[in-house]
Amino acid sequence: MKLLALPGDMERSADGVLEGSDIGSQKDRVVTEEEWLQKWETGNIGFHKEQGHPLFQKYLDVLLNGRSGLRLFFPLCGKAVEMKWLADMGHSVVGVEVSEQALKEFFAEHNLPYCEEPVPEISGAKKLQSTSGNISLYCCSIYDLSSSIVGKFDGVWDRGALVAVNPRDRQRYVSLMITLMEKNSSYLLVTVSYDPNKHKGPPFYVPESEIKSLFGNHCEIKCLQKVDDFSDRHRQWGLDYFLEVLYILKFVA
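What follows is about the confidence of the model for the chain. Averaged over the chain, the pLDDT score is 92; the fraction of residues at 70 or greater is 92%. For the stretch residues 1–12, pLDDT sits under 50, and the model shows 20 contacts to residues farther than four places along the chain or on other chains. Throughout residues 14–18 the model reports pLDDT below 50, and contacts reaching past four residues in sequence, or to other chains, amount to 9 contacts.

Below you can see the structure in the form of structure tokens.
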């Protein structure tokens, strides 16, 4: 029996599912900061989950691993409700987001008093910090951050961040994130899988092969779950399937 090779742009992921490794025309797609600000101003934030993300709730223990008092980072945080949950559990939460409106909505919707202060190292940036001190949200480009400004983290919840970064900037994004990770830290990453020739993004399609090439030299990578998240919204985008894929990345000492 002759085994047929897979087409050059297809590969089998760890669970045997055939997926494309080619991101198609998305590789040149650019979404500007102004476009993201406009989404918040017009309420075009279908990506926000008011009830939190079910995968976060299911796999939170994997991220925390029985540890308390962690420093946890939310890249491109929007007004993610999970930040409040973790702060209430006694962890210290840091987020970054270009939309000041998103950050102010977060504090307002949770009735959290906060104070604003400039970030001396970053021109024009602000830090909005809960008066309790355990939630610090930076209003600036993520690329302006560094470990000398925000320190290093025991855990990351990356949902709607890597998949929102312009594809040509992924290496830059991941290189920064790696510098922000403590030894023995954990990174929960949610990506999306769909046919990138049928939707321009965001969210952008990030194949498993790219996760391995971006992160593989720095951590252990395990795919925890793939979830069929297809909805009318995705059908309107012209798609016929849409998966969320959850990974745990472990930065071992």
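On to the side chain of S99. Structurally, the position occupied by S99 is in the loop between strand 4 (92–97) and helix 4 (100–109). What S99 contacts, discounting residues up to four positions off in sequence, is L37, W40 and C139.

Looking now at the pairing of strand 11 (residues 243–251). Judged by how many residues are buried, strand 11 sits mostly within the fold: 7 of 9 residues are covered. Strand direction decides the pairing type here: strand 9 (residues 181–193) and strand 11, joined by 9 bridges, are antiparallel. Following the sheet pairing, S185 is matched in strand 11 by F251. Across 8 bridges, strand 10 (residues 220–228) lies against strand 11 in antiparallel orientation. Across the sheet, the residue bridging to D228 is L243, located in strand 11.

Further remarks concern the layout of surface pockets. When its volume is computed, the largest pocket comes out at roughly 1,100 Å³. Lining of the largest pocket is provided by 50 residues; of these, W36, F47, L76, G160 and A164 occupy positions nearest its centre. Elements with a minimum of two residues in the lining of the largest pocket: helix 1 (33–42), strand 4, strand 8 (153–159), strand 9 and helix 8 (232–236). Ranked by residue count, the leading element in the lining of the largest pocket is helix 1, at 4 residues.

A separate point is the pattern of salt bridges. Considering all chains together, one arrives at 12 salt bridges under this definition. In this structure, K104 and E100 form a salt bridge, with 3.0 Å as the shortest nitrogen-oxygen distance. Placement of the pair is K104 and E100 together in helix 4, with a separation of 4 residues, close to one helical turn. Under the relative-accessibility criterion, E100 is labelled partly exposed at 24%. Salt-bridge contacts for K126 lead to E116; the nearest nitrogen and oxygen are separated by 3.2 Å. Placement of the pair is K126 in strand 6 (residues 126–130) and E116 in strand 5 (residues 114–118), with a sequence separation of 10 residues. We classify K126 as partly exposed; its relative accessible area is 27%. Because the salt bridges share partners, they merge into one network encompassing E100, K104, E116 and K126.

Procedures and definitions
- Residues numbered from 1 in each chain as written.
- Predicted model: local features only at pLDDT ≥ 70, side-chain atom pairs only at ≥ 80, totals over all residues.
- Heavy atoms only, no water.
- pLDDT = per-residue confidence, 0-100.
- Contact = heavy atoms within 4.5 Å.
- Helix = DSSP H or I, 4+ residues; strand = E, 2+ residues; numbered from the N terminus.
- Buried < 20%, exposed > 50% of the residue type's maximum accessible area, 1.4 Å probe, protein only.
- Pairing = 2+ DSSP bridges.
- 1 Å grid on protein atoms, 1.4 Å probe; cavity = no way out; pocket = protein on both sides within 12 Å on 5 of 7 lines; lining within 4 Å.
- Points joined across faces, edges and corners; volume = space filled by probe spheres on them.
- Salt bridge = Lys/Arg side-chain N within 4 Å of Asp/Glu carboxyl O.

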